[in-house]
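The primary structure of each chain is shown beneath.
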Amino acid sequence: MITKIEQLTAEIGNLRANNAEEAEQLRIKYLGRKGVMNDLMEEFRTVAPEQKRELGQKINALKQLITAKINELKDAVATEANSNDSVDLTRTPYPIQLGTRHPLTIVKNEIVDIFSRLGFTLAEGPEVEDDWHVYSSMNFADDHPARDMQDTFFVEARPDIILRSHTSSVQARVMETQQPPIRVICPGRVYRNEAISARAHCFFHQVEGLYIDKNVSFTDLKQVLLLFAQEMFGSETKIRLRPSYFPFTEPSAEMDISCHLCGGKGCSFCKHTGWVEILGCGMVDPAVLEANGIDSTVYTGYAFGMGIERITNLKYQVKDLRMFSENDVRFLDEFKSAN
Ligand code: DAH
């Protein structure tokens, strides 16, 4: 009987179970009513009294060993099963932080959206441009001060290649590939050699508009800009046009809107004038049409250009231009609801 107990002790150490059912089978085999331990107890009854003490202790130890082993196996398969079941692979690992659109993108999309409802289509051009598209084709005289190093970034060793300083260059890009009717809206980034401060940056964004067809008049321009201003800043908004000068338009004007903060009464935002400037515009100079292959005796057109930062500042009162390029998430988060 002693040998049997020793054999069983060795056997128990090697027991394995792959799942809960196998562990239960082992329990039945060793500890069940008709199991190995029971048989052992039956045999124990027939043992001579002087051996009872020693054998009894051994049988007890064996029983404890088997019980501990089977519990251990049951625990092991249970945690394994648990870990498989409790991993929900479809669950998100942590709450996802929703991003926001950049305020300049929000405003650009809004501008493009308003004009696309008026039949304008989107056009784009390169940021690294040549002098022709940025200046010469736009009727800038060779000695025009805007070509000065102060404003323009030149590409070293290629003085005719520059970073565009306005999106008016896209007008030329469109005119050289399309004949009227042309009705485009051109958003994009522009560069100027300016010291960075709260009020100026070496890059910013503009939207250019161009409309060329037969019989396009200044009245058309004015009406489209009024509609734009009212869509963008509210139906109460008024506009006024002041005579101005741009090489590529004749006549040229700058447009103000009634200050949307004080309703035109005068406040510190509009410097107590009741008006804030938002864009430049005018009738496309016939010299620009001719330079770009469009017959100025048949067609007329208007153009306008506005700064997206400027419009965004008017809408959201961003005090410092640098905020737009610093990517501070606390600033960007403020535009969550505007998306
Ligand atoms: N290109 C001008 C600028 O950068 C803005 C502008 C003014 C565009 C009048 C136009 C326009 O198309 O007609 O300041």
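Scroll up a little and you will see the structure.
Residues numbered from 1 in each chain as written. Predicted model: local features only at pLDDT ≥ 70, side-chain atom pairs only at ≥ 80, totals over all residues. Heavy atoms only, no water.

A. A look at the site of the ligand. Taken together, 15 residues surround the ligand, and among them H166, S168, R192, Q206 and E208 come closest. The separation between a nitrogen atom of the ligand and a polar side-chain atom of S168 is 3.0 Å. Between the ligand and F304, the relevant distance is 3.3 Å, taken from an oxygen atom to a main-chain nitrogen or oxygen of the residue. Under a 2 Å grid-point criterion requiring more than half of the atoms, the pocket assigned to the ligand is the largest pocket. Contributions of two or more residues to the shell around the ligand are made by α7 (168-175), β6 (203-213), β9 (275-284) and β10 (300-307). Grouping the amino acids of the shell around the ligand by side-chain chemistry returns five nonpolar, eight polar and two charged. (Near = heavy atom within 4 Å. Polar contact = N/O pair within 3.5 Å; in protein donor to acceptor, adjacent residues only side chain to side chain. 1 Å grid on protein atoms, 1.4 Å probe; cavity = no way out; pocket = protein on both sides within 12 Å on 5 of 7 lines; lining within 4 Å. Sits in = over half its atoms within 2 Å of the grid points. Helix = DSSP H or I, 4+ residues; strand = E, 2+ residues; numbered from the N terminus. Nonpolar A, V, L, I, M, F, W, Y, C, P; charged D, E, K, R; others polar.)

B. Region of the structure containing the packing of helix α5 (residues 103-117) against helix α8 (residues 218-233). In the contact formed by α5 and α8, the axes pass within 10 Å of each other and the chain directions differ by 135°. Of the possible angle classes, the one that applies to α5 and α8 is oblique. Crossing of α5 over α8 shows right-handed handedness. Contact residues: α5 offers V107, E110, I111, I114, F115 and R117, while α8 offers V224, F228, E231 and M232. Each residue belonging to the contact of α5 with α8 can be placed in one class, and the counts come to seven nonpolar, no polar and three charged. (Axes fitted to C-alpha atoms, helices over the stretch in contact; angles between N-to-C directions. Parallel < 35°, antiparallel > 145°, perpendicular 65-115°, else oblique. Left-handed = near helix turned anticlockwise from the far one by under 90°. Contact = heavy atoms within 4.5 Å.)

C. Local environment of the layout of surface pockets. Volume-wise, the largest pocket comes out at about 1,500 Å³. If you go around the largest pocket, you meet 49 residues; those closest to its centre are R199, F204, E277, G307 and R310. Looking at the lining of the largest pocket, the elements with two or more residues in it are β6, β7 (239-246), β8 (249-258), β9, β10 and α10 (308-316). With eight residues, the top contributor of residues to the lining of the largest pocket is β9. Residue composition of the lining of the largest pocket, grouped by class: 23 nonpolar, 14 polar and twelve charged. (Points joined across faces, edges and corners; volume = space filled by probe spheres on them.)

D. A look at α10. Looking at α10, one finds that the buried residues are I308, E309, I311, T312, N313 and L314. Backbone geometry just after α10 places Q317 at a positive phi near 50°. (Buried < 20%, exposed > 50% of the residue type's maximum accessible area, 1.4 Å probe, protein only.)

E. Structural context of the pairing of strand β4 (residues 158-163). As paired strands, strand β2 (residues 128-130) and β4 are joined by three bridges and run antiparallel to one another. Pairing of E129 across the sheet is with I162, part of β4. (Pairing = 2+ DSSP bridges.)

F. Quick look at the nonpolar core. Counting 44 residues, the largest nonpolar core has I111, F115, I257, I278, Y302, F304 and M306 as the members making the most contacts within it. Those elements that provide at least two residues to this core are α5, β6, α8, β8, β9, β10, α10 and α12 (329-333). Residues contacting M306, with those up to four places away along its chain left out, are I111, F115, H205, Q206, V207, F228, I278, L279 and I311. Judged by nonpolar contacts, the second largest core, of 23 residues, contains M175, L210, L289 and A303. (Core = buried A, V, L, I, M, F, W, Y, C linked by side-chain atoms within 4.5 Å.)

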